[in-house]
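Listed here are the chains, written in short residue letters.
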Amino acid sequence: MKTLAEAYKDDCKIGVALSAESVQSHAGLVSAQFNSITCENEMKFQRIHPAQDEYNFEPADKIYRFAVEHGIPLRGHTFVWHQEIPHWLVRRPDGTPATREDMLAHLREHMETLMHRYGRNTWCWDVVNEAVYDESSLPQNRYNALLRRDPWTDLVGEDYVEQAFRMAEHIAPNAQLIYNEYAVYDPAKCDRIYTLVKGLLDRGVKVDGIGMQGHWSVMGPDLDALRRSIDRLASLKLPLQITEMDLSLYPDAGGPSNPDTPYDHFPAELLEQQAARYEQYFSLLREYRGLFSCVTFWGAADDVSWLNYWPLRGRCNQPLLFDRNQQPKEAFYRVLAAAGVKA
Ligand code: GLA
């Protein structure tokens with residue numbers, strides 16, 4: 001039977017996010033099915049660089065070593081983000097806020113360290129993640145209609161995205177540099193992303209692609225909404241990626257949910273609905289052949305999905321293509337079917 005990577009070899013890479021644990025527990029599945037790997041959390045600023053003079057490389061190294069041994073390249077994730085920011089980065093030792101110069105110097109040193117250590121087997125980097133504001137990030141940034149208000153805007157300033165991309169290019173001129181964002185299907189948000197990236201490109205900043213996170217659900221997003229967003233971003237003439245894909249079985253992946261339903265016996269129709277959705281999304285992506293360079297699943301199998309812990313700890317979810325025993329689900333076969341491959 002063909003694997004995901006084989007079925008899509010003429011379309012795009014098929015990636016997976018791994019933790020330092022799942023890289024071991026799901027090693028066989030990963031090496032068989034996928035041809036790109038993201039560290040789920042292990043390269044995030046706070047995790048890998050918890051103190052100014054201290055790096056915690058071991059968890060990311062484990063994933064990196066596995067990737068090298070199996071000839072699978074990494075997606076670097078992520079340098080600049082509004083979460084996982086270590087305290088030392090935003091406060092000086094005397095407790096006063098870090099200055100713009102402090103922040104930029106620390107960011108440069110951080111990027112240099114990671115790009116030099118992991119760059120040889122890394123095919124692209126999420127340089128900035130989730131900079132654009134939306135309703136969930138209110139109160140809105142009061143200076144700028146595009147960016148969320150966070151320590152980067154507050155301490156570095158409105159040009160921090162540009163600074164980060166310029167720095168990354170300076171450190172690794174040949175690296176592929178990606179802007180990554182969620183809820184791109186939302187038209188207003190998609191407009192802001194378009195405006196941000198267009199502004200960067202117009203100012204001569206090297207941006208090599210846009211990552212659309214795919215934390216979606218069996219209910220949506222609607223295919224037409226997605227198509228409109230893809231068309232809008234494609235007009236920037238940059239490759240796109242689906243960077244973090246999973247289809248929650250709950251109607252709303254992120255919103256309020258009922259804590260009284262920690263069930264793991266989902267009705268068969270719901271899993272069928274999920275399989276059908278996966279097929280529709282992959283068929284849509286195939287309409288854009290050549291535009292998408294990679295689709296990354298956010299986890300190898302249902303047992304290690306972050307959605308078992310978020311938004312409610314312990315509420316079971318089954319959002320991926322492989323079940324808790326690492327066996328292919330109906331959704332897996334339908335993703336193959338979207339590529340014209342019969343199981
Ligand atoms: C965001 C981040 C990811 C991850 C997910 C949830 O999408 O980009 O790194 O933290 O949230 O797991």
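For the structure itself, look to the data block above.
Residues numbered from 1 in each chain as written. Predicted model: local features only at pLDDT ≥ 70, side-chain atom pairs only at ≥ 80, totals over all residues. Heavy atoms only, no water.

So, empty space enclosed by the protein
Stated formally: The pocket and cavity definitions rest on a 1 Å grid over protein atoms only: a 1.4 Å probe that fits but cannot leave marks a cavity, an open set with protein on both sides within 12 Å along at least five of seven lines marks a pocket, and residues lining either have an atom within 4 Å of a point. Grid points are joined across faces, edges and corners, and a volume is the space filled by probe spheres set on the points. Numbering of helices and strands starts at the N terminus; helices are DSSP runs of H or I of at least 4 residues and strands are runs of E of at least 2. Three classes are used, and their members are as follows: Ala, Val, Leu, Ile, Met, Phe, Trp, Tyr, Cys and Pro are nonpolar, Asp, Glu, Lys and Arg are charged, and the others, Gly among them, are polar.
Enumeration according to the criterion identifies one cavity of 30 Å³ or more in this entry. Roughly 80 Å³ of volume is contained in the largest cavity. In this structure, the largest cavity is lined by Tyr8, Asp11, Cys12, Phe282, Leu285, Arg286, Tyr288, Arg289, Gly290, Leu291, Phe292 and Val295. When contributions to the lining of the largest cavity are tallied by element, the ones reaching two or more residues are helix H12 (268-287) and strand E8 (292-297). Per-element tally for the lining of the largest cavity: the top contributor is H12, with three residues. Of the residues in the lining of the largest cavity, the class split is eight nonpolar, one polar and three charged.

As for the site of the ligand
How we decide: If even one non-hydrogen atom of a residue comes within 4 Å of a molecule or strand, that residue is called near it. We define a polar contact as two N or O atoms separated by no more than 3.5 Å, with the added condition that, inside protein, one atom must be a possible hydrogen donor and the other a possible acceptor, whereas residues neighbouring each other in sequence contribute only through side-chain atom pairs.
Close to the ligand lie Glu40, Lys44, His77, Trp81, Asn129, Glu130, Gln213, His215, Glu244, Trp298 and Trp306, which account for all nearby residues. Contact between the ligand and Trp298: an oxygen atom at 3.2 Å from a side-chain N or O atom of the residue. Tallied by class, residues from the shell around the ligand come to three nonpolar, four polar and four charged.

A short note on the sheet that holds strand E1 (residues 13-18)
Selection criterion: Each pair of strands is called paired provided DSSP finds at least two bridges between the two strands. Where helices are involved, their axes are fitted lines through C-alpha atoms of the stretch in contact, as for all axes, and angles between N-to-C directions lie from 0 to 180°. Residues are treated as being in contact if the distance between any of their heavy atoms lies within 4.5 Å.
If you walk around this closed barrel you meet the eight strands as E1-E2-E3-E4-E5-E6-E7-E8, and the pairing is parallel. Between one strand and the next, the sheet's axes are offset by a mean angle of 30°, whatever the strand orientation. Sheet analysis places strand E3 (residues 74-80) next to strand E4 (residues 122-129), joined by five bridges and oriented parallel. When the sheet's bridge partners are listed, Val80 is paired in E4 with Val128. In this fold helix H11 (residues 223-234) packs onto strand E6 (209-217), strand E7 (240-248) and E8, with an angle of close to 170° to the strand it touches most, E6.

Some thoughts on unusual backbone geometry
Spelled out, the test is: Each residue is assigned to one of three classes by its accessible area relative to the maximum for its type, calculated with a 1.4 Å probe on protein chains only: buried under 20%, partly exposed between the two thresholds, exposed over 50%.
Cis geometry marks the peptide bond from His77 to Thr78; its omega dihedral reads 0°. Non-glycine residue Ala183 carries a positive phi angle of around 50°. Classification of Ala183 as buried rests on a relative accessible area of 15%. Backbone geometry at Gln326 places phi at a positive 65°, although glycine is not the residue there. Tracing the chain through its elements places Gln326 in the loop between E8 and helix H13 (330-338).

So, the environment of Val80
Position of Val80 among the secondary structure elements: in strand E3. Between the C-alpha atom of Val80 and that of Tyr160, which follows or precedes it by 80 residues, the distance is 9.1 Å. Every residue in contact with Val80, bar those within four places of it in the chain, is listed here: Leu107, Val127, Val128, Asn129, Trp152, Tyr160 and Ala164.

Quick look at the state of the cysteines
Here a disulfide denotes one covalent bond, and it connects the sulfur atoms of two cysteines. Our working definition: The disulfide criterion is simple: two cysteine sulfur atoms within 2.5 Å.
Overall, the coordinates contain zero disulfides when judged by the stated rule. Cysteine Cys124 shares no disulfide, and the gap to the nearest cysteine sulfur, in Cys294, comes to 7.0 Å. Cys124 gets classed as buried once you look at its relative accessible area, which sits at 0%. Looking at the unpaired Cys294, the closest cysteine sulfur is the one in Cys12, lying at 6.4 Å. Residue classification places Cys294 among the buried residues on the basis of a relative accessible area of 0%.

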